[in-house]
Amino acid sequence: MPARPAAPPAGGLGWANLGMDIVSVNRVRRLLAQYGERFFERMLTPGELADCRTSSGLDVLSLCGRIAAKEAAFKTLRVRGRFLPWPDIVVRRSEGGWPLVELHRTAAEMAAESGITEITVSISHDVDYAVAVAAPIIAPAPSYAPTPSVSSSS
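The rules we used
- Residues numbered from 1 in each chain as written.
- Predicted model: local features only at pLDDT ≥ 70, side-chain atom pairs only at ≥ 80, totals over all residues.
- Heavy atoms only, no water.
- Helix = DSSP H or I, 4+ residues; strand = E, 2+ residues; numbered from the N terminus.
- Buried < 20%, exposed > 50% of the residue type's maximum accessible area, 1.4 Å probe, protein only.
- Arc of directions from axis to C-beta.
- Contact = heavy atoms within 4.5 Å.

## Focus: unusual backbone geometry
In step 1: Positive phi, close to 35°, is recorded for R105, a residue that is not glycine.
In step 2: Relative to the helices and strands, R105 is located in helix 4 (residues 105-113).

Here it is in structure tokens:
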């Protein structure tokens, strides 16, 4: 039986890496009860925390969704030996209500190295879990137009 062809290496132009993550609502509730909101200030920006806030405090499902979305977005970058730059991946709510991913500093550099211009994400949550799936938007390969030939008349 012939050997199967090897898959292209992860990352790089022309290769879209999906990212997915799931977060336990019970675990986040325990962390919130044990450490308070300050624990999540290392992972989420003030704007992200504001998006998760209601009149009665932080909405745990929204918090879990943001965490899952950041993890999923990071997984699309497929970088070895790098830690998730929590504050550099920002997940905000659009005017229409869907999540938008903004990449800053280190995350933007990692994306550029992989040819990723943006990351789109979808978040879903239920009673016990929040899940997010992220897909990179790959920069189109540069197209090279033939150089017009120059002729000289003598």
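## A word on helix 4
In an α-helix, one turn spans 3.6 residues, which is why side chains three or four residues apart end up on the same side.
In step 1: Listed as buried for helix 4 are A107, M110 and A111. Seen from one end, helix 4 has its buried residues packed into an arc of 100°, which puts them on one side. Within helix 4, the exposed residues directed more than 90 degrees away from the buried face are R105, A112 and E113.
In step 2: Packed against the buried residues of helix 4 are helix 3 (60-77), strand 4 (89-93), strand 5 (99-103) and strand 6 (116-125).
In step 3: G115 occupies a position one or two residues after helix 4 and carries a positive phi of about 75°.

## Details of the environment of H125
In step 1: Looking at the element boundaries, H125 is found in strand 6.
In step 2: Taking the relative accessible area as the measure of exposure, H125 reaches 38% and is therefore partly exposed.
In step 3: Along the sequence, H125 and I22 sit 103 residues apart, while their C-alpha atoms lie 9.3 Å from each other.
In step 4: The contacts of H125, once residues within four sequence positions are left out, are L61 and A130.

Shape descriptors only; they carry no functional weight alone.
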